[in-house]
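These are the residues of each chain, in order.
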Amino acid sequence: MTGVRLPEPRGPLSAALLVALRGADTTFPPVPADAYGDDPQLALYVLYELHYRGFDGVADDREWDPRLLALRASLEDRFLHSLRADAPAGPSDTAERALDELQLEPVGEADGSLSHFLHDHGTLEHVREYAALRSLYHLKEADPHAWVIPRLRGRAKAAMVAVEFDEFGAGRADEIHARLFADLMDDLDLDVSYGHYLDAAPAEALATVNLMSLFGLHRSLRGALVGHFATVEVTSSPASRRLARALDRLDAGPAAVRFYTEHVEADAVHEQVVRHEVVAGLLADEPWLETDVVFGVRATGHLEDRLATRLLTAWRDGRSALRANHVTRPPRGHLGR
């Protein structure tokens, strides 16, 4: 038993996939044209999850089922095609310039910054929704990045392992960053179960997680995975500072504040290691991967911007950012006192 249940379908493709995973014979319909839609993104998420913890009632050997792998490949092709069109990287683009551009901080929430909005205007319910949706990412955050380690060598491998060592708690289970995020969720009186908020998450949230899995599972996309990893580390520190202040203002609890304060200093250090050792080390060994690194940076930014637009549009309209009919339970009385 994995403790993770299969989600509800969101269209004909995900419905057929869930039927197949429950053991029935079925025919898969064509992959939808819109790669970013709920139906294909949920199907891709479920297929990727077979490589993580799996689902209750689904046999472990379905991870390598040829029909499921063929379906996954079709979904990945459509997803990659859309990403390359929407976040192009050309031969004249450099990783250094792409990472420098990430350091141009948004002026405020008018520029689509979630952390600015939460810092300046966020309510307790905004923060709880944000944490619930990001739990699909943060409760597995370091795992897909670890897949790139055997595909690196020398400086890049050593530095990647060093940063991942921190992400995995430097040998202490209670300091694993995914565990710290679960503690944050507990302070916010959210369910800390792995995958609990899958049905509540819109396609934009699923896509940010699927991107990590896509890059992590394919050796051919190792450069893009390094670009994704670098983007996370370069952008984390200033955003974490704002989120820590927002949580402190809302009396969210010490564990909630700690998750982000921990990332302010740690990720500022990680940024330098990733830029000068992981990225530079990779490109010293395999300079032809530079365009892939840039693509990883830009694809990550593109999907994060889509998620930010989804959340900010809902919150500015006074609506929940969660999918219809899915709500977080009311917080305990001590929150936001």
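### Regarding the overall build of the protein
Link 1 in the chain: Helices and strands together make up the secondary structure of the protein, namely 13 helices and 0 strands.
Link 2 in the chain: Scanning the protein from its N terminus toward the C terminus, one meets helices and strands in the order α-α-α-α-α-α-α-α-α-α-α-α-α.
Link 3 in the chain: Its C-alpha atoms give the protein a radius of gyration of 19 Å, near enough to 20 Å, the size a compact globule of 337 residues would have.
Link 4 in the chain: Summed over all atoms, the accessible surface of the protein reaches about 14200 Å², with 53% contributed by carbon and sulfur.
Link 5 in the chain: Computing the positive centroid from 36 side-chain charges and the negative centroid from 53, the protein places the two 2 Å apart.

### Quick word on the environment of Asp65
Link 1 in the chain: With respect to the secondary-structure elements, Asp65 resides in the loop between helix H2 (38-49) and helix H3 (66-86).
Link 2 in the chain: Asp65 gets classed as buried once you look at its relative accessible area, which sits at 17%.
Link 3 in the chain: Here Arg67 takes part through its backbone nitrogen, which lies 2.9 Å from a polar atom of the side chain of Asp65.

### A closer look at the pattern of salt bridges
Link 1 in the chain: Enumeration according to the criterion identifies 18 salt bridges in this entry.
Link 2 in the chain: Arg10 serves as the salt-bridge partner of Asp38, at 2.7 Å between the closest nitrogen and oxygen. Of the two residues, Asp38 is situated in helix H2 and Arg10 in the segment before helix H1 (12-21); the sequence distance between them amounts to 28 residues.
Link 3 in the chain: For Arg179, the salt bridge is made with Asp183, and the minimal N-O distance between the two is 3.0 Å. Of the two residues, Arg179 and Asp183 both sit in helix H9 (residues 177-187), 4 residues apart, roughly one turn of that helix.
Link 4 in the chain: The class for Arg179 is partly exposed, based on a relative accessible area of 36%.

### Some details on helix H10 (residues 203-217)
Link 1 in the chain: Its 15 residues give H10 an end-to-end C-alpha distance of 20 Å, which sits within 8% of 21 Å, the value for a rise of 1.5 Å per residue.
Link 2 in the chain: With 15 of 15 residues buried, H10 lies mostly within the body of the structure.

### Points about the packing of aromatic side chains
What characterises a pair of aromatic rings is the spacing of the ring centres plus the angle enclosed by the ring planes.
Link 1 in the chain: Per the counting criterion, the structure on display carries 6 aromatic pairs.
Link 2 in the chain: Judged by centre distance (5.9 Å) and plane angle (65 degrees), the rings of Phe215 and Phe295 are edge-to-face. With Phe215 in helix H10 and Phe295 in helix H13 (residues 290-316), this pair connects stretches of sequence that are 80 residues apart.
Link 3 in the chain: On the accessibility criterion, Phe215 (0% relative accessible area) is buried.

### Considerations on the packing of helix H11 (residues 222-249) against H13
Link 1 in the chain: Two numbers describe how H11 lies on H13: the axes approach to 6 Å, and their chain directions differ by 50 degrees. Taken together, H11 and H13 sit at an angle that is classed as oblique. Seen along the crossing, H11 lies across H13 with a hand that is right-handed. Along its contact with H11, which presents Gly223, Ala224, Gly227, His228 and Thr231, the element H13 presents Asp292, Val293, Phe295, Gly296, Val297 and Thr300.
Link 2 in the chain: Across the contact of H11 with H13, the residue classes tally to 4 nonpolar, 6 polar and 1 charged.

### Concerning unusual backbone geometry
Link 1 in the chain: Phi is positive for Asp189, which is not a glycine, with a value near 55 degrees.
Link 2 in the chain: Tracing the chain through its elements places Asp189 in the loop between H9 and H10.
Link 3 in the chain: Note on Asp189: relative accessible area 8%, which makes it buried.

### Side note on the environment of Ser236
Link 1 in the chain: Relative to the helices and strands, Ser236 is located in helix H11.
Link 2 in the chain: Separated by 29 residues in the primary sequence, Ser236 and Glu265 have C-alpha atoms spaced 9.7 Å apart.

Reading the values: the criteria
- Residues numbered from 1 in each chain as written.
- Predicted model: local features only at pLDDT ≥ 70, side-chain atom pairs only at ≥ 80, totals over all residues.
- Heavy atoms only, no water.
- Helix = DSSP H or I, 4+ residues; strand = E, 2+ residues; numbered from the N terminus.
- Rg over C-alpha atoms; globule rule 2.2 N^0.38 Å.
- Areas by Shrake-Rupley, 256 points an atom, 1.4 Å probe, with all protein chains shown as cover.
- Lys, Arg positive; Asp, Glu negative; His and termini not counted.
- Charge placed at Lys NZ, Arg CZ, Asp CG, Glu CD.
- Buried < 20%, exposed > 50% of the residue type's maximum accessible area, 1.4 Å probe, protein only.
- Polar contact = N/O pair within 3.5 Å; in protein donor to acceptor, adjacent residues only side chain to side chain.
- Salt bridge = Lys/Arg side-chain N within 4 Å of Asp/Glu carboxyl O.
- Expected span 1.5 Å × (residues − 1).
- Phe/Tyr/Trp six-rings, centres within 6.5 Å; stacked < 30°, edge-to-face > 60°.
- Axes fitted to C-alpha atoms, helices over the stretch in contact; angles between N-to-C directions.
- Parallel < 35°, antiparallel > 145°, perpendicular 65-115°, else oblique.
- Left-handed = near helix turned anticlockwise from the far one by under 90°.
- Contact = heavy atoms within 4.5 Å.
- Nonpolar A, V, L, I, M, F, W, Y, C, P; charged D, E, K, R; others polar.

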